[in-house]
Amino acid sequence: MFFSALFLLVSLLSAALAQTPSGFIPSVSNQLTVMFNSTVVSPAGKQLSKATTQSQPTIGVSGVAAGKTFMFVMLDLDVPSKTGPRQTLLHAMETGFKASTKRAASSASMLTSSGKAPAPYIGPSPPAENPAFGHRYVQLLFAEPDNFAVPASQTAAVSKRIGFNITAFMKDAALAEPLAANFFVVEGKQEAGATGASGTAAGSDRSTATGSGGISKSTLEPFEGGAGSMKLGMRGVWAGLLGGVAVALV
């Protein structure tokens, strides 16, 4: 009886300390500070709006050594598929982050990068679902190996983004376990008063493809520090069916 109660207590404490969603691998307990302007993602799992998360976040971490270099990765774990279970989508892979003298929040050192991004930030844009479904967006911070480059075996996966497998990437890239993490939830619903670039309500689908892949239709910009800017000047729809998931950028 005592051991059962102790096991339950340890399990509850572990869940409370986790900065990644339940069941996600790799599990991380150290918190990565993630801020969208004045909105801090705390506690982990906080629900945010699509509008809040369209601009790339400021990130920071406590207790980092000077001169160390880091990699930032963000994933959507819940992209719907017409032919099977939900899939992951790589929303960002940014390299070359270093601690600055600025503070992201409290004692966390702000991390900045001027490096080229293998996969520039894409803001969340989950499609409206009935019933409403909240997508989990996980942020991971890795120690970046010296002279890092995306392995040849992973270049297609990084470019494709949909179905990205973080554990396979870590193995091929010889990455150690993440140093810190965080996650937030964005629900796929139309937000009152929100408008997209074309003047239509943000999140509204002009076709069956638009918005289905959870890829932002907003202009893409670099993370703090100006790393790897990428802009979409497209007014039309680029849609592809990738593994049963329609992906659109407008």
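Rules used throughout
Residues numbered from 1 in each chain as written. Predicted model: local features only at pLDDT ≥ 70, side-chain atom pairs only at ≥ 80, totals over all residues. Heavy atoms only, no water. Helix = DSSP H or I, 4+ residues; strand = E, 2+ residues; numbered from the N terminus. Contact = heavy atoms within 4.5 Å. Salt bridge = Lys/Arg side-chain N within 4 Å of Asp/Glu carboxyl O. Buried < 20%, exposed > 50% of the residue type's maximum accessible area, 1.4 Å probe, protein only. Pairing = 2+ DSSP bridges. Polar contact = N/O pair within 3.5 Å; in protein donor to acceptor, adjacent residues only side chain to side chain. Phe/Tyr/Trp six-rings, centres within 6.5 Å; stacked < 30°, edge-to-face > 60°. Lys NZ or Arg CZ within 6 Å of the ring centre and 35° of its normal.

- Under the annotation held in an unreviewed UniProt entry, the chain carries the name PEBP-like protein and is attributed to Mytilinidion resinicola.

Topic: the environment of Leu90
Then comes step 1: Within the secondary structure, Leu90 is located in strand S6 (residues 87-105).
Then comes step 2: Separated by 17 residues in sequence, Leu90 and Val73 have C-alpha atoms that sit 7.7 Å apart.
Then comes step 3: Not counting chain neighbours up to four residues away, the residues in contact with Leu90 comprise Val73, Met74, Leu75, Ala119, Val158, Arg161 and Phe164.

Quick look at the pattern of salt bridges
Then comes step 1: Applying the stated criterion across every chain, the model contains 2 salt bridges.
Then comes step 2: For Asp78, the salt bridge goes to Arg136, with nearest N and O atoms at 2.8 Å. With Asp78 in strand S5 (residues 70-79) and Arg136 in strand S8 (residues 134-143), the pair connects residues that are 58 residues apart, well separated along the chain.
Then comes step 3: A relative accessible area of 4% places Asp78 in the buried class.
Then comes step 4: Assessed through its relative accessible area of 28%, Arg136 is described here as partly exposed.

Structural notes on the pairing of S8
Then comes step 1: Burial analysis of S8 places 7 of its 10 residues in the buried class, the great majority of the element.
Then comes step 2: Where S5 lies against S8, 7 bridges are found, and the strand directions are antiparallel. Residue pairing across strands places Asp76 opposite Tyr137, the latter belonging to S8.
Then comes step 3: The pairing of S8 with strand S9 (residues 180-187) spans 8 bridges and is classified as antiparallel. Within S9, the position partnered with His135 by the bridge is Val186.

Examining the side chain of Gln19
Then comes step 1: Within the element layout of this structure, Gln19 appears in the loop between helix H1 (2-17) and strand S1 (33-36).
Then comes step 2: Overall, Gln19 belongs to the buried group, its relative accessible area being 10%.
Then comes step 3: Those residues in contact with Gln19 that sit more than four places away from it in its chain are Val28, Ser29, Asn30, Gln31, Ala44, Ala181, Asn182 and Phe183.

Comments concerning the sheet that holds strand S2 (residues 39-40)
Then comes step 1: Taken in spatial order, the 9 strands make up an open sheet running S2-S1-S4-S7-S6-S5-S8-S9-S3, and their pairing is mixed. In this open sheet, the two edge strands, each paired with only one partner strand, are S2 and strand S3 (46-48).

Considerations on the side chain of Thr20
Then comes step 1: The residue Thr20 is located in the loop between H1 and S1 in this model.
Then comes step 2: There is a polar contact of 3.2 Å between the side chain of Thr20 and the backbone nitrogen of Val28.

Brief notes about unusual backbone geometry
Then comes step 1: Of note, the bond from Ser42 into Pro43 is cis; its omega dihedral lies within 30 degrees of zero at 0°.
Then comes step 2: Within the secondary structure layout, Pro43 lies in the loop between S2 and S3.
Then comes step 3: Following Asn130, the chain continues into Pro131 via a peptide bond in cis, with omega recorded as 5°.
Then comes step 4: Take Pro131: it is sitting in the loop between strand S7 (108-112) and S8.

A look at the packing of aromatic side chains
Then comes step 1: Here the structure, examined in full by the defined rule, presents 4 aromatic pairs.
Then comes step 2: The interplanar angle of 90° and the centroid separation of 5.4 Å between the aromatic rings of Phe36 and Phe184 together place this pair among those described as edge-to-face. Placement of Phe36 in strand S1 and of Phe184 in strand S9 is noted, with a sequence separation of 148 residues between them. Note on accessibility: Phe36 and Phe184 belong to one class, buried.
Then comes step 3: One Lys or Arg, Arg86, reaches over the ring of Phe133 and ends 3.6 Å from the middle of that ring.

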